[in-house]
Amino acid sequence: MGKGKRGFNAPSKKDIRKVAHTYANLNKDKVGKMLSIAMDGQIRVGAHSSSPSARATPLDPYPKYLIELQHELPWNGLTPALGRAHNTCAEAHIWCELKARGKNPRNYTVLSFNTDGVVASPCANCAQWVEGAFGYVYKETPRYEGRPRQKPV
Ligand SMILES: [Zn+2]
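Starting from 1, residues in each chain are numbered consecutively following that chain's sequence as written. This being a predicted model, a pLDDT of at least 70 is required before a residue's local features are given, and a value of 80 or more before pairs of side-chain atoms are given or counted; all residues contribute to the totals for chains, interfaces and linings. Hydrogens are left out, water is left out, and the side-chain values use all remaining heavy atoms of the structure.

Visitor: Would you mind showing me how to read the overall build of the protein here?
Guide: We count a stretch as a helix when DSSP gives it H or I for four or more residues in a row; a strand needs E for two or more, and each element gets its number in order from the N terminus. Looking only at helices and strands, the protein has 5 helices and 7 strands in total. Its helices and strands in sequence order give the protein the pattern β-β-α-β-β-α-α-β-β-α-α-β, from N to C terminus. Whether a residue is buried, partly exposed or exposed follows from its accessible area with a 1.4 Å probe, protein chains only, as a fraction of its type maximum: under 20%, in between, or over 50%, in that order. With 153 residues in all, the protein has 45% of them scored as buried. The method behind every accessible area is Shrake-Rupley, applied with a 1.4 Å probe, and residues are considered shielded solely by the protein chains displayed. On the protein, roughly 8300 Å² of surface is accessible, and the fraction owed to carbon and sulfur atoms is 51%.

If you want it as structure tokens, here you go:
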């Protein structure tokens, strides 16, 4: 565990990669999606990218979270850098899930990766808000290269 900014305890690179590979293996069916996990010690919350459904269901409460949290979404007022809404990203799903569970996203390390378990930097949309919204954003590359081009380093 290394001490990051604000005394935040960031997980090691080894731990991060292990978590990414384990979660990617459990989500091999999410072809074409990006995956993310937020970690705080042994507490881990994962999500994959997808446009919000029109209606919330017990298995997919995200549309409800977007309404309940509409005044505090960290990407409010930002203009997307990419041709998709901020709320399609896995990081956005996770932020809402943590808030809905009464957790503070600033206590969490967030990491993003593809279904091969290759760690990717957040996309240009997420880059606008994730650094201030989570405790630590794990990156191995300066910028997101696009899912198919994101290669191990
Ligand atoms: Zn993103």
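Back to the text.
Visitor: Could you clarify how one ought to interpret the coordination of the zinc ion in this entry?
Guide: Geometry sets the ideal angles at a metal, namely 109.5 degrees for four tetrahedral donors and 90 or 180 degrees for six octahedral donors. For Na, K and Ca the donor cutoff is 3.2 Å, while for all other metals N, O and S atoms must lie within 2.8 Å; water is not among the atoms, so some sites may look incomplete. Each protein donor to the zinc ion is listed here as Cys89 (SG), Cys123 (SG) and Cys126 (SG); together their distances run 2.3 Å. The sequence pattern describing where the donors of the zinc ion fall on their chain is C-x33-C-x2-C. You can see Cys89 sitting in the loop between helix 2 (62-68) and helix 3 (90-100) and its partner Cys126 sitting in helix 4 (residues 124-127), a full 37 residues away along the chain. Each member of the pair, Cys89 as well as Cys126, is classed as buried.

Visitor: Explain the nonpolar core to me, please; I cannot follow it from the model alone.
Guide: Across soluble globular proteins, you tend to see nonpolar side chains buried next to one another. Buried Ala, Val, Leu, Ile, Met, Phe, Trp, Tyr and Cys residues form a nonpolar core when they are joined through side-chain atoms within 4.5 Å. Core analysis: the biggest nonpolar cluster contains 24 residues, and Leu73, Trp75, Trp95, Cys96, Leu98, Trp129 and Phe134 have the highest contact counts within it. Only strand 4 (43-48), helix 2, helix 3 and helix 5 (130-133) provide two or more residues apiece to this core. Counting residues per element, this core draws most heavily on helix 3, which supplies 5 residues. We call two residues in contact whenever any of their non-hydrogen atoms come within 4.5 Å of each other. Leave out the neighbours within four places in its chain, and Leu98 touches Ala38, Val45, Lys103, Pro105, Tyr108 and Phe134.

Visitor: Is there a simple way to explain the packing of aromatic side chains in this structure?
Guide: Note on aromatic pairs: each is described by the distance of the centres and the angle between the planes. Two rings from Phe, Tyr or Trp (for Trp, the six-membered ring) form a pair when their centres sit within 6.5 Å of each other. Planes less than 30 degrees apart are called stacked, planes more than 60 degrees apart edge-to-face, and all others tilted. Per the counting criterion, the structure on display carries 4 aromatic pairs. Aromatic pair Trp75 and Trp95: ring centres 6.3 Å apart, planes at 75 degrees, arrangement edge-to-face. Placement of the pair is Trp75 in the loop between helix 2 and helix 3 and Trp95 in helix 3, with a sequence separation of 20 residues. There is no split in this pair, since Trp75 and Trp95 are both buried. Summarising the aromatic geometry, the rings of Trp75 and Trp129 are spaced 5.0 Å apart at their centres and angled 55 degrees between planes, so their arrangement reads as tilted. With Trp75 in the loop between helix 2 and helix 3 and Trp129 in the loop between helix 4 and helix 5, the pair connects residues that are 54 residues apart, well separated along the chain.

Visitor: How do you make sense of the environment of Asn87 when you look at a structure like this?
Guide: Structurally, Asn87 is set in the loop between helix 2 and helix 3. The contacts of Asn87, once residues within four sequence positions are left out, are Ser50, Pro52, Tyr62, Leu66, Trp75, Ala92 and His93.

Functional significance is not addressed by these values, which are geometric in nature.
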